[in-house]
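Chain by chain, the residues run as shown.
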Amino acid sequence: MPEKITTDSGIEIKELYTAADVGSPDNSLPGEFPFTRGVQPSMYRGKLWTMRQYAGFSTAEESNKRYHYLLGQGVSGLSVAFDLPTQIGYDSDHDLSEGEVGKVGVAIDSIEDMELLFAGIKLEDVSTSMTINATGFILLALYTALAKKQGADLKKISGTIQNDILKEYAARGTYIYPPRQSMRIITDIFEWCSTDLPKWNTISISGYHIREAGSTAVQEVAFTLSNGKAYVKAALEKGLDINVFGKRLSFFFNAHNNLFEEVAKFRAARKMWAVIMKDLGATDEKAMMLRFHTQTGGSTLTAQQPLNNICRVTIQTLAAVLGGTQSLHTNGYDEALSLPTEEAAKIALRTQQIVAYESGVPETADPFAGSYFVEALTSEVEKAAWQLIEKIDVMGGSVMAIEEGFMQDEIAASAYKYQRDIETGEKISVGVNKFQTAETNTTPVFKIDDSIRQLQSDKIRSLKERRNNVKAAECLEKLAAAAKGTQNLMPVVIEAVENYCTLGEVSDALRKVFGEYK
């Protein structure tokens, strides 16, 4: 073994930890400020984490079949993946949608697709998470319009839209409008949901994609919490009450293979967010709680020896649960090759269920508390993350740091180092740069047919022939006028989708007013 061992974040790991390494112990209890040990006093003894499976592909009809299958297998919450055109505000019949319809998620062009997506599912009875950002406000409008059609009580509708545009500029790239106009849409969502959809989590501030782009665990915490601060400050400037909207903020983190650093990361993030919210003026402890969803690390999965990924996902599941997650999605072992097959999705869900019901891990809150190693590592992650946050604060906050390219450069440097360490063998990836075997891949691959685009285009044409086009045009004009002023956009968008305006039409109405970010 080398003399000096560090985590991917560059934190040195000592050969042995003792009480002297812990310093001043954090003697707070789970459910108490600053929530280092968890947001609930009894944690999973009271209620297990929500077991979600992220799914969405092809058409709304096909995805609906997978949702019914997953609900039958015991998932307790749905998590919707959308295709690339839906994510960036293009209908399936747009020229730029060619080759992408239904590929990385489901194609949603109108309220009719939304009805098909949730056919046979009462929205009052499920919690739905939607991984959608630039067009998050449109998907929320479609979901709300469908709930109203079902006769649901909007006060009972629960779920989350990711709605985190800052990480799109920093790490992922599916943005439409410039940052400041995007922030206006997000605060409109905060404001509207606080009165009309009170149980809805209005944002899932996402470190997941920051980590997928190549960041370290420390950068994931620092950049995510900095983005969170930016959203809170924007909402405060709009005059919103931090003790109200603060309770509807949630987070989305990645879980990677270094079990102890990941647990320390989750514990440190909770403590730091509680301090940030208190400093920004929150007085209600529920508004200071960092509640988060976790997804196992997509970028850790290997196309080589894909069944090894089941072991990786198990370690990552343990990290998330030992770290106190509220909700979890586990990746299929075949996702380095394609969208997950039904069999791979079932094994991924069973992994969560085995940890929940057979491992004993959920039986006590924060089981790693008091570990000299984990307590010391929690402090190290926290210290390094605060240093990065302070740098961003000096720049003027996340929006400025993104506009100046600071976050992007930091992530790129970490991604480069990680890849170089794999290629030089300094870091071992089992089956990739060590313990390789000559293999013929026999893993079944899930493929999406290109004919999906034609099916979706036919649906759009039929919709436009049947709807009241005068009314649809009026709704889009009304939306453009609202965008030029200061009124909340959500009621206008809901009215537009209820009158069968398509996702692309709504996006374009705002493109004309806000412009596009290049």
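The following paragraphs examine the structure supplied in this document. (Residues numbered from 1 in each chain as written. Predicted model: local features only at pLDDT ≥ 70, side-chain atom pairs only at ≥ 80, totals over all residues. Heavy atoms only, no water.)

## A short note on the overall build of the protein chain
To keep things clear, this is the line we draw: Every helix listed is a DSSP run of H or I at least four residues long, and every strand listed is a run of E at least two residues long, numbered separately from the N terminus. Note on method: radius of gyration uses C-alpha positions; expected globular size equals 2.2 Å times residues raised to 0.38. A 1.4 Å probe rolled over the protein chains alone gives each residue an accessible area, and that area as a share of the maximum for its type sets the label: buried under 20%, exposed over 50%, partly exposed in between. Residue contacts are counted whenever heavy atoms from the two residues lie within 4.5 Å of one another. What sets the accessible areas is the Shrake-Rupley method with a 1.4 Å probe; for residues, cover comes only from the shown protein chains. The convention is simple: Lys and Arg are positive, Asp and Glu are negative, and His and the chain ends are not counted. To locate a charge, take atom NZ for lysine, CZ for arginine, CG for aspartate or CD for glutamate.
Looking only at helices and strands, one finds 19 helices and 11 strands in the protein chain. Against the 2.2 N^0.38 benchmark of 24 Å for 518 residues, the protein chain shows a C-alpha radius of gyration of 23 Å, consistent with a compact globule. Its C-alpha atoms put the protein chain at 75 × 60 × 45 Å along the principal axes. The buried share of the protein chain, taken over its 518 residues, is 56%. Considering only intrachain contacts with a sequence separation of at least 6, the fraction spanning at least 24 residues in the protein chain is 78%. Entry remark: accessible area of the protein chain is about 21100 Å², with carbon and sulfur atoms responsible for 51%. Computed over 54 positive and 67 negative side-chain charges, the inter-centroid distance for the protein chain is 3 Å.

## Overview of the packing of helix H17 (residues 469-484) against helix H18 (residues 490-498)
To be explicit about the condition: Lines fitted to C-alpha atoms define the axes here, with helix axes fitted over just the stretch in contact, and angles between the N-to-C directions of these axes take values from 0 to 180 degrees. Any angle between 65 and 115 degrees counts as roughly perpendicular, while under 35 counts as roughly parallel, over 145 as roughly antiparallel, and the rest as oblique. Throughout, a crossing is termed right-handed when the near helix is turned clockwise from the far one, and left-handed when it is turned anticlockwise from it by less than a right angle. For this classification, Asp, Glu, Lys and Arg are treated as charged, while Ala, Val, Leu, Ile, Met, Phe, Trp, Tyr, Cys and Pro are nonpolar and the rest, including Gly, are polar.
It is at 9 Å that the axes of H17 and H18 come closest, and there the two elements cross at 165°. By the criterion of interaxial angle, the relationship of H17 to H18 is roughly antiparallel. Seen along the crossing, H17 lies across H18 with a hand that is left-handed. Residue-level inspection shows Lys 471, Cys 475, Lys 478, Leu 479 and Ala 482 of H17 in contact with H18, the latter providing Val 492, Val 493, Glu 495 and Ala 496. The residue makeup of the contact of H17 with H18, split by class, is six nonpolar, no polar and three charged.

## A short note on a nonpolar patch on the surface
Inclusion rule: For patch building, the residue pool is restricted to those with more than 30% relative accessible area and no salt bridge; the joining distance is 9 Å between like charges and 5 Å between nonpolar side chains (Val, Leu, Ile, Met, Phe, Trp, Tyr). Whenever Lys or Arg places a side-chain nitrogen within 4 Å of a carboxyl oxygen from Asp or Glu, that contact is recorded as a salt bridge.
On the surface, Ile 428, Val 430 and Phe 435 cluster together into a nonpolar patch covering about 290 Å² of accessible area. With respect to the helices, strands and loops of the structure, Ile 428 is situated in the loop between helix H15 (406-424) and helix H16 (452-466).

## Overview of the layout of surface pockets
The cut-off we apply is this: Throughout, the protein atoms alone are placed on a 1 Å grid, and a set of points is a cavity if a 1.4 Å probe fits but cannot get out or a pocket if it is open with protein on both sides within 12 Å along at least five of seven lines; lining residues have an atom within 4 Å of a point. Grid points are joined across faces, edges and corners, and a volume is the space filled by probe spheres set on the points.
Of the voids in this model, the largest pocket is the one considered here, and its volume is about 1500 Å³. The wall of the largest pocket is formed by 40 residues, among which Asp 8, Tyr 418, Ile 422, Lys 427 and Ile 428 lie closest to the centre. For the lining of the largest pocket, the secondary-structure elements that each account for two or more residues are strand S1 (5-6), helix H7 (208-212), helix H11 (308-322) and H15. Considering every element that reaches the lining of the largest pocket, the biggest residue donor is H15, with seven residues. In terms of residue class, the lining of the largest pocket is built from 14 nonpolar, 16 polar and 10 charged.

## Thoughts on the pattern of salt bridges
If the charged atoms of two oppositely charged side chains come close together, the side chains can form a pair. Applying the stated rule across the entire model yields 31 salt bridges. Note that Asp 21 and Lys 14 form a salt bridge whose closest N and O atoms lie 2.3 Å from each other. Given a relative accessible area of 44%, Lys 14 falls into the partly exposed group. A single network of salt bridges, built from pairs that share partners, joins Arg 37, Arg 267, Asp 366 and Glu 375.

## Here's the deal with helix H10 (residues 259-279)
To keep things clear, this is the line we draw: Working rule for helices: expected span equals 1.5 Å times residues minus one.
The end-to-end C-alpha distance of H10 is 31 Å, a good match for the 30 Å that 21 residues give at a rise of 1.5 Å each. Counting buried residues along H10, 15 of its 21 residues qualify, which places the element largely inside the surrounding structure. One or two positions beyond H10, positive phi appears at Gly 281, with a value near 115°.

## Concerning the environment of Asn 27
Along the chain, the position of Asn 27 falls in the loop between strand S2 (12-13) and strand S3 (50-55). Each C-alpha atom of the pair Asn 27 and Gly 370 lies 9.2 Å from the other, and the pair is 343 residues apart in sequence.

## Let's talk about the environment of Thr 364
Mapped onto the elements, Thr 364 comes out in the loop between helix H12 (342-358) and helix H13 (372-395). When its relative accessible area of 47% is taken as the criterion, Thr 364 is described as partly exposed. For the pair formed by Thr 364 and Thr 300, sequence separation is 64 residues and the distance between their alpha carbons is 29 Å.

## As for the nonpolar core
The test is simple: We call a set of buried Ala, Val, Leu, Ile, Met, Phe, Trp, Tyr and Cys residues a nonpolar core when their side-chain atoms join them within 4.5 Å.
Core analysis: the largest hydrophobic core is formed by 118 residues, its most contacted members being Met 114, Phe 118, Met 130, Phe 137 and Val 506. Once you skip the residues sitting within four places of it in the chain, Phe 137 turns out to touch Tyr 177, Ile 185, Ile 189, Met 490, Val 493, Val 506 and Leu 510. Ranked by size, the runner-up nonpolar core spans 18 residues in total, among them Met 51, Leu 70, Leu 328 and Ala 365.

## Structural notes on H12
With 17 residues, H12 ought to run about 24 Å at 1.5 Å a step, and its terminal C-alpha atoms sit 23 Å apart, in line with that. Residues of H12 that are buried: Ala 344, Ala 345, Ala 348, Leu 349, Thr 351, Gln 352, Gln 353, Val 355 and Ala 356. After H12 finishes, the residue Gly 360 shows a positive phi value of roughly 80°.

## Notes on the environment of Phe 266
By the element assignment, Phe 266 lies in helix H10. Distance from Phe 266 to Thr 36, taken between C-alpha atoms, is 8.4 Å for residues 230 residues apart in sequence. Filtering out sequence-adjacent residues up to four positions away, Phe 266 remains in contact with Phe 253, Asn 254, Ala 255, Phe 292, Thr 294, Ala 319, Ala 320 and Gly 323.

## Side note on the packing of aromatic side chains
Counted only if it meets this: The pairing test for Phe, Tyr and Trp rings, Trp by its six-membered ring, is centres within 6.5 Å, and the orientation test on the planes gives stacked under 30 degrees, edge-to-face over 60, and tilted for anything in between.
Tallied over the entire structure, the rule returns 20 aromatic pairs. A ring pair is formed by Phe 33 and Phe 35, whose centres lie 6.3 Å apart and whose planes are at 80°; its orientation type is edge-to-face. What makes Phe 35 buried here is its relative accessible area of 0%. Taken together, a centroid distance of 5.1 Å and an interplanar angle of 50° make the contact between Phe 260 and Phe 373 tilted.

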